[in-house]
Amino acid sequence: MKKVYLDHSATTPMRGGVLEAMLPYFAERFGNPSSIHGFGREAKVALEEAREKVAGIFGAAPSEIYFTSGGTESDNLAIKGTAFANRKKGKHIITSRIEHHAVLESCKFLEEEGFEVTYLPVDSRGLVDPEDLRKAIRDDSILVSVMHANNEVGTLQPIKDLAAISREKGIYFHTDAVQSVGKIPLDVRELAVDMISMSGHKMYGPKGVGALYVRKGVRITPWAHGGHHERSRRAGTESVPLIVGFAKALDLMAGEMGQHDKLMRSLAETFYRRLVESVPDVFLHGEPTERIPNILSVSFKGVEGESVILSLDLKGVAVSSGSACTSGTLEPSHVLSAMQVPPEIAQGAVRFSFGRDNTPEDVDYVASILPEIVQRLRSISPLYAQKS
Ligand code: PLP
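Residues numbered from 1 in each chain as written. Predicted model: local features only at pLDDT ≥ 70, side-chain atom pairs only at ≥ 80, totals over all residues. Heavy atoms only, no water.

Colleague: Help me get a handle on the overall build of the protein chain, residues and values and all.
Modeller: Assigned secondary structure in the protein chain consists of 14 helices and 12 strands. Over its C-alpha atoms, taken along the principal directions, the protein chain stretches across nearly 75 × 55 × 30 Å. Among the 388 residues that make up the protein chain, the fraction classed as buried is 57%. Positive and negative side-chain charges in the protein chain, numbering 45 and 49 respectively, have mean positions lying 3 Å apart. (Helix = DSSP H or I, 4+ residues; strand = E, 2+ residues; numbered from the N terminus. Buried < 20%, exposed > 50% of the residue type's maximum accessible area, 1.4 Å probe, protein only. Lys, Arg positive; Asp, Glu negative; His and termini not counted. Charge placed at Lys NZ, Arg CZ, Asp CG, Glu CD.)

In structure tokens form, the structure reads like this:
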């Protein structure tokens, strides 16, 4: 059976060259980068080369890059770390309703600790209005956290405008760019953000590694205490093989961003056109143009997204119904709810996320089997009135 993977927003396969770069650091060059002998120095060189590579891609200084275990840890460190370090200044945090759970749950935890959080609304395209941010800012606001590309619908936020408002008011600005890093050019000076979260496994690198960019001068408290690793902001011996793999994957992506973007656009646009031509009552979620091109979230009226996913799985096609973390539940997604998508449409949402190994033949295969799947599910759905 043909197998087609269209769930790259959940995770990506490691690309060629990444594993090869990592392998020596598991056994041969196994040293601890904190050791001062030759084995340690060799590992330290690899660690600092990786840091320089990552920093260079974002226009950051190497000392502004902190390696973590992934996007979740980076979000936690950014949000809780700045909240606790700046609590004497204020207790108010601003975020959006459509953030990843790593951000939302960190904010919820902070609410239990006495902080106050404002959750900004989004419009039907999933966009935060910069004016809403301006209005939400209070004298005791210390942090704004708004994601770059949404992981369910792909909408890109006006980060530059939001960060400019925060900076004008002297409030730190964090963005979760886990879905866009390596796919869309990001320059920390141009965007004028204070913190950026990234993750290796969303951009063809290994799982269990990520990074947090922290602008020099930002006050942040570590969540884990121990040794003086990562300039005392993230205790624990660095995973040199994973970090080398992360930097290698990012470097390779940075070298082909334009080409990747073009391919994603062409695959997603062709696929969407085919869908609209062959299946009635299809709804596209998210901002139609200001979006990360590899994510396409659509609803098929009258059918459950989960049923489409299972039917596609039987044909060898992997897609998901929302973020990897929320799929498996039948709760309408918090992102689509915030976008005011009616529950009966939200439940039919399916996320197709394309990747660099996908081909026009993959698109053709999935587009050719979907009409029959949707038609069959609708024929047994009490929610869908057939128009014939
Ligand atoms: N932020 C966003 C936007 C994500 O899509 C994800 C993963 O789905 C994460 C954070 C968490 O990243 P990780 O899986 O590396 O912990």
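Colleague: Account for the environment of Ser199, naming residues and giving values.
Modeller: Relative to the elements of secondary structure, Ser199 occurs in strand S7 (residues 195-199). It is 8.1 Å that separates the C-alpha atoms of Ser199 and Val181, two residues lying 18 residues apart in sequence. Once residues within four sequence positions are removed from consideration, Ser199 is found in contact with Gly70, Gly71, Val178, Val209, Gly210 and Phe246. (Contact = heavy atoms within 4.5 Å.)

Colleague: Just give me the short version of the site of the ligand, but keep the residues and values in it.
Modeller: Around the ligand sit 13 residues, and of these Gly71, Thr72, Asp176, Ser199 and Lys202 come closest. Separating an oxygen atom of the ligand from a backbone N or O atom of Gly71 is a distance of 2.8 Å. At 2.6 Å from an oxygen atom of the ligand is found a side-chain nitrogen or oxygen belonging to Ser199. Protein contact buries 89% of the 390 Å² of open area that the ligand shows by itself. The leading source of residues in the shell around the ligand is helix H3 (residues 71-85), at 3 residues. Partitioning the shell around the ligand into residue classes produces 2 nonpolar, 8 polar and 3 charged. (Near = heavy atom within 4 Å. Polar contact = N/O pair within 3.5 Å; in protein donor to acceptor, adjacent residues only side chain to side chain. Areas by Shrake-Rupley, 256 points an atom, 1.4 Å probe, with all protein chains shown as cover. Nonpolar A, V, L, I, M, F, W, Y, C, P; charged D, E, K, R; others polar.)

Colleague: Help me get a handle on the pairing of strand S10 (residues 295-300), residues and values and all.
Modeller: Among the 6 residues of S10, 6 are classified as buried, and the element is accordingly described as predominantly covered. As paired strands, strand S9 (residues 282-285) and S10 are joined by 4 bridges and run antiparallel to one another. For Val282, the partnering residue across the bridge sits in S10 and is Phe300. Of the pairings in the sheet, the one linking S10 to strand S12 (residues 349-353) comprises 5 bridges and is antiparallel in character. The partner of Ile295 across the bridge, within S12, is Ser353. (Pairing = 2+ DSSP bridges.)

Colleague: Residues and numbers for the packing of aromatic side chains, please.
Modeller: How two aromatic rings sit relative to each other is given by the distance of their centres and the angle of their planes. Taken as a whole, this structure holds 5 aromatic pairs when the rule is applied. Where Phe67 meets Phe246, the ring centres are 6.1 Å apart and the plane angle is 80°; that geometry is what we call edge-to-face. Taken together, the residues span a long stretch of sequence, with Phe67 in strand S2 (residues 65-68) and Phe246 in helix H9 (residues 240-254) at a distance of 179 residues. Residue classification places Phe67 among the buried positions, given a relative accessible area of 2%. When its relative accessible area of 0% is taken as the criterion, Phe246 is described as buried. Seen in terms of ring centroids, Phe84 and Phe115 are 5.6 Å apart; in terms of plane orientation they differ by 90°. Their pairing is edge-to-face. Within this pair, whereas Phe84 is found in helix H3, its partner Phe115 is found in the loop between helix H4 (101-112) and strand S4 (116-120), the two being separated by 31 residues in sequence. Taken together, the ring pairs connect Phe271, Phe352 and Phe354 into an aromatic cluster. It is Arg231 that lies over the ring of Tyr66; its NZ or CZ is 4.2 Å from the centre. Directly above the ring of Tyr204 sits Arg356, whose terminal nitrogen or CZ lies 5.8 Å from the centroid. (Phe/Tyr/Trp six-rings, centres within 6.5 Å; stacked < 30°, edge-to-face > 60°. Lys NZ or Arg CZ within 6 Å of the ring centre and 35° of its normal.)

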